[in-house]
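A closer look at the structure
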Amino acid sequence: MRPAPVGTGEFNRLFSEGSMVKFCSLVSGSSGNAVFVSDGKTNILVDCGLNGKRTAQALCEIGVDHTQLHAILVTHEHCDHISGVGVLSRRYHIPVYANAKTWAAMEAGLGRIQSEHKKVFEPLRTFEIGSIGVNACPTPHDAAESVGYSLFAGGRKLSVATDMGHMPESVFDWVCGSDMVILEANHDVDMLKKGRYPYFLKQRILSDVGHLSNEMAGAVAAKLAAGGTRAILLAHLSEENNVPALAYRVVANALACASVKAGKDMRLGVAQRFCVSGAY
Ligand SMILES: [Zn+2]
Ligand SMILES: [Zn+2]
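Residues numbered from 1 in each chain as written. Chains lettered and ligands numbered in written order. Predicted model: local features only at pLDDT ≥ 70, side-chain atom pairs only at ≥ 80, totals over all residues. Heavy atoms only, no water.

**Brief notes about the nonpolar core**
Worth spelling out the cut-off: Among the buried residues, those of types Ala, Val, Leu, Ile, Met, Phe, Trp, Tyr and Cys that are joined through side-chain atoms within 4.5 Å form a nonpolar core. Note on classification: 1.4 Å probe, protein chains only; a residue is buried when its accessible area is under 20% of the maximum for its type, exposed when over 50%, partly exposed between these limits. Going along the chain from the N terminus, every DSSP run of H or I of four or more residues is numbered as a helix, and every run of E of two or more is numbered as a strand.
The biggest cluster of nonpolar side chains holds 30 residues, and the ones touching the most others in it are M167, V175, L183, I232, L234, L255 and L268. Secondary-structure elements contributing two or more residues to this core are α6 (169-175), β11 (180-184), α9 (214-226), β12 (231-235), α10 (244-257) and β13 (267-270). If you look at the next biggest cluster of nonpolar residues, it comprises 27 residues, including V37, V46, A71 and L151.

The following block contains the structure:
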């Protein structure tokens, strides 16, 4: 029997079983993004594009106390990734990590962050937050210096690869070998082209520094499978220009062309827009 195409029951079941490394999307899409990662000792959020109250609720759903976050990693300054960062950091004394250019671009929007909570890192240099290793890779996106993150915990590599117009070799090499990847499948090209977005916005999304389409995600997924990745959660879907079942089908077909069966050889899910999904 085919797994539910957009349901993430399998992921959620694994999450609740308490496997050592937990990795899940709290919300996903242009109205907000946040990924939670924990190895049981260190709790990290990658981005926080939802307000403090909703973050607390989403974490509560997976049994995590929002006061027990050890860090927020920021990919880039777009508001769907940072709208809750400032308030969360201030309220619960959480350090915020970003590279220098992203700090410069987002600082005014975050509000005051205590100096000891302002952490600046250099991309491609691995650093540690508690028991979790972190490595950030620059990504092609129309932001100051956007990055994706790889996190290393419990012998696993987990990567967040969203918000990029294409995936150059340098980024693929960085993400390859991940056990699990949160991979952008932003739009269906036809839906975008025929849709009601203004011309300039369509061009922006389709550009090299915009967002990954379903087809691009499928091609990347097939290459990742060859590199050993065994779980992919499709994320950052456009509400206007994509449908979860379509994103799933396009990527599952691309995997099938590479002799990888979604649901059997590869765990494949679609992150939900407004609720918790995906766990490794
Ligand atoms: Zn963005
Ligand atoms: Zn985004």
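**Some points on the side chain of D188**
Keep this limit in mind: Positive charges are assigned to Lys and Arg, negative charges to Asp and Glu, while His and the chain termini are left out of the count. Salt bridges are defined by distance alone: a side-chain nitrogen of Lys or Arg within 4 Å of a carboxyl oxygen of Asp or Glu. Each polar contact in these results corresponds to two N or O atoms within 3.5 Å; when the atoms are within protein, one needs to be able to donate a hydrogen and the other to accept it, and residues that are neighboring in sequence are counted only if both atoms are side-chain atoms. When checking whether two residues touch, look at their non-hydrogen atoms; a contact exists if any pair is within 4.5 Å.
Structurally, the position occupied by D188 is in the loop between β11 and α7 (189-194). Buried and without a salt bridge, D188 has K194 as its closest oppositely charged side chain, separated by 7.3 Å. There is a polar contact of 2.9 Å between the side chain of D188 and the backbone nitrogen of M191. Those residues in contact with D188 that sit more than four places away from it in its chain are N214, E215, N241, N242 and L246.

**So, the environment of L246**
In this structure, L246 sits in helix α10. With a relative accessible area of 17%, L246 lands in the buried category. C-alpha separation for the pair L246 and H187, spaced 59 residues apart in sequence, amounts to 9.6 Å.

**A word on the sheet that holds strand β6 (residues 118-121)**
We count it as follows: Should DSSP find at least two bridges between two strands, the strands are taken to pair. Here the axes come from fitting lines to C-alpha atoms, over the contacting stretch only for helices, and the angles between their N-to-C directions go from 0 to 180 degrees.
Taken in spatial order, the six strands make up an open sheet running β1-β2-β3-β4-β5-β6, and their pairing is mixed. The outermost strands of the open sheet, each flanked by one partner alone, are β1 (22-27) and β6. This sheet shows a mean twist of 25° between the axes of neighbouring strands, independent of strand direction. Of the pairings in the sheet, the one linking strand β5 (residues 96-99) to β6 comprises four bridges and is parallel in character. For A98, the partnering residue across the bridge sits in β6 and is V120. The sheet contacts of helix α5 (residues 100-110) involve β5 and β6, and relative to β5 the element is tilted by about 115°.

**Observations regarding the packing of aromatic side chains**
Short version of the rule: Each aromatic pair joins two rings of Phe, Tyr and Trp (for Trp, the six-membered one) with centres within 6.5 Å, and gets the label stacked for planes under 30 degrees apart, edge-to-face for over 60, and tilted for any other angle.
According to the stated counting rule, one finds three aromatic pairs in the structure shown. Ring geometry for Y97 versus F127: centroids 5.6 Å apart, planes at 10°, classification stacked. Remark: F127 occurs in strand β7 (residues 127-129) and Y97 occurs in strand β5; sequence separation between them is 30 residues. What makes F127 buried here is its relative accessible area of 16%.

**Examining the coordination of the zinc ion (ligand 2)**
Using the following cut-off: As a rule, N, O and S atoms within 2.8 Å of a metal are its donors, except that Na, K and Ca use 3.2 Å; water is not among the atoms, so sites may look incomplete. A four-donor site is called tetrahedral if each angle lies between 85 and 135 degrees; a four-donor site is square planar, and a six-donor site octahedral, when trans pairs exceed 155 degrees and the remaining angles lie between 65 and 115; all other cases are labelled irregular.
The coordination sphere of the zinc ion (ligand 2) contains the protein donors D80 (OD), H81 (NE2), D163 (OD) and H236 (NE2), at a distance range of 2.1 to 2.2 Å. The coordination sphere of the zinc ion (ligand 2) comprises four donor atoms, whose angles at the metal cover 90 to 169°; the geometry is irregular. Positions of the donor residues of the zinc ion (ligand 2) along the chain correspond to the pattern D-H-x81-D-x72-H. The two metals, the zinc ion (ligand 2) and the zinc ion (ligand 1), are separated by 3.4 Å and share D163 as a common coordinating residue.

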